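Summary of structural features
Now for the letters of each chain:
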Amino acid sequence: MPDKVAYAVHDMIAVLRIQNPPVNALSQAVRQGLSDAMDRAEADDAVHAVVIVGDGRAFIAGADITEFGKPPMEPNLPDLCTRIEQSPLLVVASMHGVSLGGGLEVALGCHYRVAQPSARVGLPEVHLGILPGAGGTQRLPRVAGAANAVDAITTGRHIKADEAQKMGIIDRIEEGDPQEVGIAYAMDLLSENAPRRPVSEMPAPEGIDWDAKYDAVLKKGRGQISPATAVRAVQAASELPFDEGMKRERELFMELMDTDQRKGLIHAFFNERAVSNLPELKGVEPRHLQSVGIIGGGTMGAGIATAALLAGLEVVLIETGEEQATAARGRIEGNLQGALKRGKISQQKFDALITVALTVSVKYDSLKDVDLAIEAVFEDMAVKHEVFAKLDATCKPGCVLATNTSYLDVNEIAAATSRPEDVIGLHFFSPAHVMKLLEVVVADKTAPDVVATGFALGKMLGKVSVRAGVCDGFIGNRILAVYRTAADHMVLDGASPYQIDRALTNFGFAMGPFAVADLAGLDIGWATRKRKAPHRHPEERVPTYIDKLCEQGHFGQKTGEGYYVYTEGQRGGKPNPKIAELIAAEQRERGISPREFSDEEIVHRYMCAMVNEAAKVVGEGIARRPLDVDMTLLFGYGFPRYWGGPMKWADIQGLPKVLAAIEGYAEEDAWFWQPAPLLQKLVDEGRSFDDLNKAER
Ligand code: HSC
Ligand code: NAD
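An account of the accompanying structure is given in this report. (Residues numbered from 1 in each chain as written. Chains lettered and ligands numbered in written order. Predicted model: local features only at pLDDT ≥ 70, side-chain atom pairs only at ≥ 80, totals over all residues. Heavy atoms only, no water.)

Things to note about the sheet that holds strand β4 (residues 90-95)
For sheets, the rule is that strands pair by backbone hydrogen bonds, running either parallel or antiparallel. Applied cut-off: Two strands qualify as a pair provided DSSP detects at least 2 bridges between them. A run of H or I in DSSP becomes a helix once it reaches four residues, and a run of E becomes a strand once it reaches two; helices and strands are each numbered from the N terminus. Between two residues, a contact is recorded if the distance between any of their heavy atoms is within 4.5 Å. The convention used is that axes are lines fitted to C-alpha atoms, helices contributing only their stretch in contact, and that angles between N-to-C directions extend from 0 to 180 degrees.
Read from one edge to the other, the open sheet built from six strands follows the order β1-β2-β3-β4-β6-β9, with strand pairing classed as mixed. Edge strands, defined here as strands with exactly one partner in the open sheet, are β1 (5-10) and β9 (172-173). Pairing geometry for strand β6 (residues 112-115) and β9, over two bridges, is parallel. Among the inter-strand pairings, valine 114 is bridged to a residue of β9, identified as arginine 172. Packed on one face of the sheet, helix α1 (residues 28-43) meets β1, β2 (13-18), β3 (49-54) and β4 and runs near 25° to β1.

This is the structure in structure tokens:
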């Protein structure tokens, strides 16, 4: 194995070059390499200064996250940073790319820091459920001040070099080869007789109102505890001597290391990347992709067009008539105005996108040269058939033909064409230019390079793409239908929609299911219930009280009334008193005596319903791996990231406990709570969902 840290001497300067691709994570071998190289430099009388530099695309991306949860291996990172800081030699960090987490902590252990103009630094540990554990919470406030340090550490944001210089994190910005820049800076410092400058010896930062800051950060974290805990660590920097502050940092770090939130967030970090890594696509080249046709410029079509334009693709959008075409263009321009306002694009770029890159047409002929066409017309099989027949007749050979259907059978849609191998589902989420999830729905005859093209498009658009098979609702909407039903059952049995929404937002969901229903429009669920009614199993319990509200023309937020009543200009809504009356009437009709539910029971039933259906989805191969479900729920359904996803949540609870709860619920409603065979199998074998993820790698 090549050395992870190369050592070379240039004049009086020893260069320690970290070589651990792709991002120079601080694995044990790198830590040992740095420590040994420091010893070597110090033993060489000819060496007066040390420059630490990273090979490849980054200085250092942080501690090696794959080592977390394993037995610690010497030398540990905090000791290494102190060892570097205590060197009698002058030590300079020369930073390029990112210096994150432990990477910035190593740099703060150095006496001086020089960076490329494009460099970014940050302490993003809170996003992994931990806090900077190698002195970051003690050294950063000493160079940048307490307020800046709290902001950087609790948000985990990447800070650009110029801002970092203003904050005092970086001493000099210099463009050039990072090694040359580092050596030149070290030579300048030596010629100026600059002193060693250990950050730990700098004065402690000012105090702020720590309790108020802690409370504010805790509230903002919506249940996530690492950012607020990090406030207490920075507080220690201000109130305790350096060494004691380091001890406090270690205690808090270890506390967080032990939490389920840490496990969930690290699961999310790795699987967000693993999800689009499909063994079946290894070596499969995607098709050429430069122009996209979109059919239907309503909510979804306009959102997809916006995302494609922002990603640099040419877009041809087809609508049914001039009026609809104008409306579609208006929606896209409105979305792009938002990007302009937020500074994501310049006025010049905006003008180019709407005049050059975007074509809106009423003629299918305009689609003849596009590389990929995405249909986003009404959710009606007859309309979809008509559109796909036209696409088949118009689009060039090799063009990928995609549907954004939410529920319809992609095989049936593909059958409307003479080229089903080119047909795929690309299920975006609303608003499509904002939501990160893309379900790539693979039909029976879809060609592998068409699947690869779906994933390539997802990557271009900055989406998290998940492979799904064909079934009613694919991965996400199918599971949603079931946990929504569990919530509906609890309402029938006595829990109020408001208690359920509150319990689930306290669990960490961005919104509760009834607030979401109001936002999406109650007419959608109403239409689905009517569509499904003829095929409903007699034992299926479906509430009808909300249909009565729909019959009166109340569809949620868009009409001002649903589960909640909305007043213009006010955020959120107030419980609608009509709902309690309608529920009580239905309970009387059904002969139900309402009972009390604890918040804990609400969350548990909701989660068990989700996990059980998810296990069926995996068991049937609709999702290839449990991690595919986890990422679907995380990026499309507001599932709290710090639980890692429903399957990770179930693993953390213990699958036997989850199965036992489902079997208990089945005693009241055996039809709804049929345990998933895969869940039973895993319990029998003493395995977890994560074991299945690992087996697939
Ligand atoms: C930390 O530093 C803790 C310390 O404060 C204290 C520790 C003290 C312990 C004390 C004990 C007593 N490790 O994202 P990409 C992999 S916590 C391992 O696709 P990009 C990644 O999985 C760390 N692997 O590339 C992927 O692998 P794959 C704080 C890491 O260019 C590959 O690298 N740092 C890794 O889009 C490429 O990654 C962070 O949280 C790591 N640290 O983005 C930074 N980082 O090819 C986390 C990446 O197999 N990383 N990998 O899929 C990032 O934000 C992004 O990866 C970058 C690059 C912005 C670095
Ligand atoms: P929408 O009613 O807002 O827009 C549909 C558009 O398609 C309208 O502008 C209509 O004029 C146009 N259209 C209808 N027939 C057409 C044809 N033959 N040729 C060209 N244009 C035609 O609907 P939407 O919410 O954007 O949904 C579109 C599709 O996306 C549906 O299949 C839906 O299930 C799916 N979807 C919707 C959401 C969502 O949250 N709205 C999310 C994911 C997927």
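Next, the rest of the story.
Notes on the pairing of strand β11 (residues 314-318)
This is how it is decided: Exposure is judged per residue with a 1.4 Å probe applied to protein chains only, and the accessible area is read against the type maximum: over 50% gives exposed, under 20% gives buried, and values in between give partly exposed. Think of it like this: strands point away, you trace from the first strand over the helix to the second, and a clockwise trace means the crossover is right-handed.
Taken across its five residues, β11 has four buried, putting it largely inside the fold. As paired elements, strand β10 (residues 291-295) and β11 share five bridges and run parallel to each other. Paired with glycine 293 across the two strands is valine 316, which belongs to β11. Running through helix α12 (residues 299-310), the crossover from β10 to the neighbouring parallel element β11 is right-handed. Here four bridges tie β11 to strand β12 (residues 358-361), and the two strands are oriented parallel to one another. From the neighbouring strand, leucine 317 faces β12, where its bridge partner is valine 360.

Comments concerning the site of ligand 2
For the record, the criterion: When at least one non-hydrogen atom of a residue lies within 4 Å of a molecule or strand, that residue is treated as near it. Polar contacts, as used here, are pairs of N or O atoms within 3.5 Å; protein pairs need one atom able to donate a hydrogen and one able to accept it. Residues neighboring in sequence count only if both atoms are side-chain atoms. For accessible areas, the Shrake-Rupley method is used with a probe of radius 1.4 Å. Any residue's cover is judged against the shown protein chains and nothing else.
Surrounding ligand 2, one finds 24 residues, the nearest of these being Met300, Glu319, Glu379, Lys384 and Ser406. Taking glycine 298, its main chain carries an N or O atom lying 3.5 Å from an oxygen atom of ligand 2. In the model, an oxygen atom of ligand 2 is placed 2.5 Å from a nitrogen or oxygen of the glutamate 319 side chain. Relative to its free-state accessible area of 830 Å², ligand 2 is covered by the protein chains to the extent of 79%. Looking at the shell around ligand 2, the elements with two or more residues in it are α12, α15 (381-394) and β15 (423-428).

Regarding the site of ligand 1
Around ligand 1 lies a shell of 27 residues, among which Arg57, Gly102, Glu105, Glu125 and Arg273 are the nearest. Glycine 102 places a main-chain nitrogen or oxygen 2.8 Å from an oxygen atom of ligand 1. One of the side-chain N or O atoms of glutamate 125 is found 2.4 Å from an oxygen atom in ligand 1. For ligand 1, whose accessible area on its own is 1100 Å², the fraction buried by protein is 72%.

Here we look at a nonpolar patch on the surface
To be explicit about the condition: Note that patches include only residues with greater than 30% relative accessible area and no salt bridge, and the join distances are 9 Å for like charges and 5 Å for nonpolar side chains (Val, Leu, Ile, Met, Phe, Trp, Tyr). Criterion for a salt bridge: a side-chain nitrogen of Lys or Arg within 4 Å of a carboxyl oxygen of Asp or Glu.
Taken together, the side chains of Met511, Val516 and Leu519 define a hydrophobic patch exposed on the protein surface, amounting to about 230 Å² of accessible area. The residue leucine 519 is located in helix α20 (residues 513-520) in this model.

Points about the pattern of salt bridges
Tallied over the entire structure, the rule returns 42 salt bridges. Residues lysine 648 and aspartate 690 are paired through a salt bridge, measuring 3.9 Å at the closest nitrogen-oxygen approach. One end of the pair, lysine 648, is in helix α26 (residues 646-653); the other, aspartate 690, is in helix α29 (residues 689-696), and 42 residues separate them in sequence. Of the two residues examined, lysine 648 and aspartate 690, each falls in the buried class.

Some details on the packing of aromatic side chains
Cut-off, in case you're wondering: Any two of the Phe, Tyr and Trp rings considered here, Trp counted by its six-membered ring, make a pair once their centres fall within 6.5 Å; the pair's planes then place it as stacked at under 30 degrees, edge-to-face at over 60, or tilted in between. Distance and angle both matter: a charge sits over a ring if NZ of Lys or CZ of Arg is within 6 Å of the ring centre and within 35 degrees of the ring normal.
Summed over the entire model, instances satisfying the criterion amount to 17 aromatic pairs. Between tyrosine 498 and tyrosine 564, the ring centres sit 5.1 Å apart and the planes meet at 80°, which makes this aromatic pair edge-to-face. With a gap of 66 residues between them, tyrosine 498 in helix α19 (residues 497-507) and tyrosine 564 in strand β18 (residues 564-565) connect regions that are remote in the sequence. Pair check on accessibility: tyrosine 498 and tyrosine 564 agree, each one buried. Ring geometry for tyrosine 564 and tyrosine 566: centres 6.5 Å apart, planes at 55°, overall tilted. Put simply, the rings of Tyr483, Phe507, Phe509, Tyr606, Phe639, Tyr642 and Trp643 touch in pairs and so form one group of aromatic residues. Geometry around tyrosine 214 places arginine 232 over its ring, the cationic atom sitting 4.3 Å from the centre. Sitting above the plane of the phenylalanine 597 ring, arginine 595 keeps its charged end 3.9 Å from the centroid.

A word on unusual backbone geometry
The omega torsion across proline 21 and proline 22 is 5°, close enough to zero to call that bond cis. Take proline 22: it is sitting in the loop between β2 and α1. Backbone geometry at asparagine 24 places phi at a positive 60°, although glycine is not the residue there. Its location among the elements puts asparagine 24 in the loop between β2 and α1.

Let's talk about the pairing of strand β17 (residues 464-469)
The buried fraction of β17 amounts to six of the six residues, a majority that puts the element mostly inside the structure. Here six bridges tie strand β16 (residues 437-442) to β17, and the two strands are oriented parallel to one another. Within β17, the residue paired with valine 440 across the bridge is arginine 467. Note that the unit made of β16, helix α17 (residues 448-460) and β17 has a crossover that is right-handed.

So, the sheet that holds β12
Spatially, eight strands are ordered β12-β11-β10-β13-β14-β15-β16-β17 in an open sheet, and the strand pairing comes out mixed. Each edge of the sheet is formed by a strand with only one pairing partner; in this case those strands are β12 and β17. Neighbour-to-neighbour, the strand axes of the sheet open up by a mean angle of 25°, direction not taken into account. Sheet contacts for helix α14 (residues 347-357): β11 and β12; angle to β12, the most-contacted strand, approximately 40°. In this fold α17 packs onto β13 (372-375), β14 (400-403), β15, β16 and β17, with an angle of close to 175° to the strand it touches most, β16.

Some words on the packing of helix α13 (residues 322-341) against α14
Rules: Here the angle decides the label: under 35 degrees means roughly parallel, over 145 means roughly antiparallel, 65 to 115 means roughly perpendicular, and every other value means oblique. Handedness of each helix crossing follows the sense of rotation of the near helix against the far helix: counterclockwise by less than a right angle gives left-handed, clockwise gives right-handed. Put simply, Ala, Val, Leu, Ile, Met, Phe, Trp, Tyr, Cys and Pro go in the nonpolar bin, Asp, Glu, Lys and Arg in the charged bin, and everything else, Gly too, in the polar bin.
Relative orientation of the contacting elements α13 and α14 amounts to 160°, with a least axis distance of 10 Å. For the element pair α13 / α14, the angle class is roughly antiparallel. You can see that α13 and α14 cross each other, and the crossing is right-handed. Within the contact between the two elements, α13 uses Arg329, Glu333, Leu336, Gln337 and Leu340 and α14 uses Gln347, Phe350, Leu353 and Ile354. Grouping the constituent residues of the contact of α13 with α14 by class yields five nonpolar, two polar and two charged.

Let's talk about helix α28 (residues 677-685)
Cut-off, in case you're wondering: Directions are taken from the helix axis to each C-beta atom, and the arc is the one they span.
All buried positions along α28 are accounted for by Leu678, Leu679 and Leu682. Looking straight down α28, one finds that the buried residues subtend no more than 100° of arc, so they occupy a single side. Of the exposed residues in α28, the ones pointing more than 90 degrees away from its buried face are Pro677 and Asp684. Just downstream of α28 lies glycine 686, where phi reads positive at about 65°.

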